[in-house]
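A structural walkthrough
Chain by chain, the residues run as shown.
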2 protein chains.
Amino acid sequence: MRARSEIDSIAESTLTDSGTDHSDISITVVAGGNDRIESVQLALKSAGAADVVLVHDAARALTPPEVFRRVVAAVRAGAEAVVPVLPMTDTVRRAETRPAVKSDRGTAVNDGPSAPEPRPEANGRQLVVESSAESDQELPTVEVLHGDLDRSRLRRVQTPQGFTASTLRRAHDKYEEDLASSGPGAVAATDDAGLVERLGVDVVAVDGDEEALKITYPLDLVLGEHIATMRDAEETKRSAEVAGRDDTMSAASEASDKAESEQGERR
Amino acid sequence: MRARSEIDSIAESTLTDSGTDHSDISITVVAGGNDRIESVQLALKSAGAADVVLVHDAARALTPPEVFRRVVAAVRAGAEAVVPVLPMTDTVRRAETRPAVKSDRGTAVNDGPSAPEPRPEANGRQLVVESSAESDQELPTVEVLHGDLDRSRLRRVQTPQGFTASTLRRAHDKYEEDLASSGPGAVAATDDAGLVERLGVDVVAVDGDEEALKITYPLDLVLGEHIATMRDAEETKRSAEVAGRDDTMSAASEASDKAESEQGERR
């Protein structure tokens, strides 16, 4: 963790990207807030007269530039909120937590279709049969799985999420109002698309990319390093083939939001 | 693809696992059927008097032995159908396909809450704004995303799926009956847990494992190789530390189903 003063010092400076042909793009670093939503609000205040705003997860550092272009194109085509998505590849089931009871087989299982509804206080916590379960051991609760979800309708959500600036500002204003009238616990934390959906505005999908993975766990880093290595190899090969060709691909980062916004202004 | 005769020749032989301390486990290879369900039925016919049957995806070749043990333990504790699961880490949204219409912003987007219901003929196909979308271009359909799914209740399903042999046989019998009475198209393809659920039997969750990933795409192979390398390194280290200790971990495979079944018989 960096000291707050150091972050503020970085935030005060305006970086200029001089290493590429995009040297007319300026990057403003803004110190983040106490949570994700507050950070977006602080960035929005610095976005000036931008008409398209992208919000990106820095952990999706390898997002191909094409994904950013698709999101921006869809906002410019008229969508107020745009999210890149991928199909669901895993088989998904819906879980229901039930108290375990004795079955006629003499051990702890569910009592079938007549079981009570899942208790609200279970609150989504994963309650499973413990790995140490032995025959005749009591199972206080079990998680019963239902195959009633249509996987073909499920989408994995990525970033950048794109918005018309006015829609995103309205969404955050409404969030603040809801927070003020209902208190912090009553308003569920969500992403920006979720805030916009509360306005009754449609959130539209564009194609995401498997390489836009969120690097969170050690195994994700293995994939990320592989993708980066593959890209370096491709770049080297291309550079050798087309000497002097300018094809630098800038890495996706939170700074790109601002860059895309600036491009929007110059339109 | 191997020739059918070659498969049959392998199937006729009964392999004996003599490389480990489990040399009393016999492995019977059975030629598969025309689809997944038929293959399971053919294997079931060879399972003899086993009381616990596991059905495993060979593509989940790195599934840790602990996952198999958890599934078997839960079946023995009284569950008729058991599936290993992981929490949903991705943000998931539900997609609805809508015809795109002109908005008051003059470009093709949805017409908001009054839009018609998704057309049944869309049938789950992912229809998104094309990457080539430009302002004023017609968008015949768009995919609108809804954030109304409770991610905390969604589970990613893995294998091995475990069953009491009688329950799995009943589930496949019912599937054959449904097929005979309704015709092939009317009965949706599903996994074994799905067939069991149709009997009204509860499908119970146990903890899966991230290393039980399904190796399907090239990037999955990168992860698989990493996991295998890590295990080799751990094994080498352990062998050096505890010379002579017998801790061979057998790789998970479809053959393990039969092996686990055999263990069930000897109980």
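What counts, and where the lines are drawn
Starting from 1, residues in each chain are numbered consecutively following that chain's sequence as written. Written order determines the labels here, with chains lettered from A and ligands numbered from 1. pLDDT decides what is reported in this predicted model: residues at 70 or higher carry local features, side-chain atom pairs at 80 or more are listed and counted, and totals for whole chains, interfaces and linings draw on all residues regardless. Only hydrogens and water are set aside; all other atoms, that is, all heavy atoms of the structure, feed into the side-chain values. The helix count covers DSSP runs of H or I at least four residues long, the strand count covers runs of E at least two residues long, and both are numbered beginning at the N terminus. Burial here depends on accessible area, computed with a 1.4 Å probe over protein chains only, as a share of the maximum for the residue type. Under 20% is buried, over 50% is exposed, and the range in between is partly exposed. Two residues form a contact once any of their heavy atoms are found within 4.5 Å. Only the protein chains shown count as cover for residues, with accessible areas throughout obtained via the Shrake-Rupley method and a probe of 1.4 Å. Two strands qualify as a pair provided DSSP detects at least 2 bridges between them. When charges are counted, Lys and Arg are positive and Asp and Glu negative, with His and the chain ends excluded. The term salt bridge refers to a side-chain nitrogen of Lys or Arg lying within 4 Å of a carboxyl oxygen of Asp or Glu. Polar contacts, as counted here, are pairs of nitrogen or oxygen atoms within 3.5 Å of one another; within protein the pair requires one atom able to donate a hydrogen and one able to accept it, and residues that are adjacent in sequence qualify only if both atoms are side-chain atoms. Confidence of the predictor in every single residue is expressed as pLDDT, which spans 0 to 100. Whenever a helix is involved, its axis is fitted only over the stretch in contact; in every case the axis is a line through C-alpha atoms, and angles between N-to-C directions fall within 0 to 180 degrees. Geometric relationships in this document are graded by angle, where less than 35 degrees denotes roughly parallel, more than 145 denotes roughly antiparallel, 65 to 115 denotes roughly perpendicular, and other angles denote oblique. We call a crossing left-handed when the near helix sits turned anticlockwise from the far one by less than a right angle, and right-handed when that turn is clockwise. Gly counts as polar in this scheme, as do all residues outside two lists: the nonpolar Ala, Val, Leu, Ile, Met, Phe, Trp, Tyr, Cys and Pro, and the charged Asp, Glu, Lys and Arg. The length a helix should cover is 1.5 Å for every residue beyond the first.

Chain A goes by 2-C-methyl-D-erythritol 4-phosphate cytidylyltransferase in an unreviewed UniProt entry, where it is assigned to Brevibacterium aurantiacum.

Moving on, we come to the overall build of chain A. Looking only at helices and strands, chain A features 7 helices and 11 strands. Considering chain A as a whole, with its 267 residues, one finds that 43% of them fall into the buried category. Residue pairs in contact within chain A that sit at least 24 positions apart in sequence constitute 72% of those at least 6 positions apart. When the accessible surface of chain A is totalled, it reaches about 13700 Å², and 50% of it is carbon and sulfur.

Residues and elements named next belong to chain B. Residue alternation in strand β10 (residues 161-164) divides its side chains into two sets, Q161 and F163 and G162 and T164, and both sets are buried. Note: strand β3 (residues 52-55) against β10, 4 bridges, orientation antiparallel. By the bridge assignment for β10, L54 is matched with G162. With 2 bridges joining them, strand β4 (residues 81-87) and β10 adopt antiparallel strand pairing. Along β10, the bridge assignment pairs A81 with F163.

Let's shift gears to the side chain of R70 of chain A. Residues and elements named next belong to chain A. Here R70 shows up in helix α3 (residues 65-76). One buried charged residue, R70, remains without a salt bridge, the closest side chain of opposite sign being D209 at 4.7 Å. Within polar-contact distance, the side chain of R70 engages the backbone oxygen of D207 at 2.8 Å.

The next subject is the pairing of strand β5 (residues 92-99) of chain B. Among the 8 residues that make up β5 of chain B, 6 are buried, leaving the element largely enclosed by the rest of the structure. By the bridge criterion, 3 bridges tie strand β9 (residues 154-157) of chain A to β5 of chain B in an arrangement that is antiparallel. Bridge pairing in β5 of chain B places L154 of chain A opposite R94 of chain B. When β5 of chain B meets strand β8 (residues 141-146) of chain B, the two strands line up antiparallel, connected through 6 bridges. Note that in β8 of chain B the partner of E96 of chain B across the bridge is V144 of chain B.

Now for unusual backbone geometry. With omega at 10°, the peptide bond leading from T159 of chain A into P160 of chain A counts as cis. Counting through the fold element by element, P160 of chain A comes out in the loop between β9 and β10 (161-164).

A few words now on the confidence of the model for chain A. All names here are of chain A. Mean pLDDT over chain A: 77, with 66% of residues reaching 70 or higher. Predicted confidence in chain A is weakest over strand β7 (residues 108-109), with a mean pLDDT of 43, and strongest over β10, with 98. Low pLDDT, under 50, characterises residues 102-136; the predicted model gives this stretch 78 contacts beyond four residues in sequence or across chains. Every residue in residues 247-267 is under pLDDT 50, and counting partners more than four places away or in other chains gives 42 contacts.

Locating P99 of chain A in the fold gives a position in strand β5 (residues 92-99). Residues P99 of chain A and P140 of chain A lie 41 residues apart in sequence; the distance between their C-alpha atoms is 5.9 Å.

What follows concerns the environment of T159 of chain B. All names here are of chain B. Note on placement: T159 falls in the loop between β9 (154-157) and β10. On the basis of relative accessible area, T159 is assigned to the buried category, the value being 5%. A polar side-chain atom of T159 sits 2.8 Å from a polar atom in the side chain of H56. Of note is the side chain of T159, whose polar atom sits 3.0 Å from the backbone nitrogen of D57.

Right, let's get into the packing of helix α2 (residues 36-45) of chain A against helix α4 (residues 165-182) of chain A. Between two packed helices, both the angle of their axes relative to each other and the distance between the axes serve to describe the pair. All names here are of chain A. The geometry of α2 relative to α4 is characterised by a closest axis approach of 11 Å and an angle of 135° between their N-to-C directions. Relative to α4, α2 is oriented oblique. In the packing of α2 onto α4, the handedness of the crossing is left-handed. For the pair α2 and α4, the contacting residues are I37, V40, Q41 and L44 in the first and L168, R169, H172, Y175 and E176 in the second. When its residues are assigned to classes, the contact of α2 with α4 shows 5 nonpolar, 2 polar and 2 charged.

The next point concerns helix α6 (residues 218-241) of chain B. In this model, α6 of chain B (24 residues) spans 35 Å end to end at C-alpha, consistent with the 34 Å of a helix rising 1.5 Å per residue. Within α6 of chain B the residues assigned to the buried category are D220, V222, L223, G224 and I227 of chain B.

What follows covers the pattern of salt bridges. All names here are of chain B. Taken as a whole and judged by the stated rule, the model has 30 salt bridges over all chains. A salt bridge links D178 to K174, with the nearest nitrogen and oxygen atoms 3.4 Å apart. Taken together, the residues span about one helical turn, with D178 and K174 both in helix α4 (residues 165-182) at a distance of 4 residues. For R238, the salt bridge identified is with E235, shortest N-O distance 2.9 Å. One end of the pair is R238 and the other is E235, both in helix α6 and 3 residues apart, which spans about a single turn.

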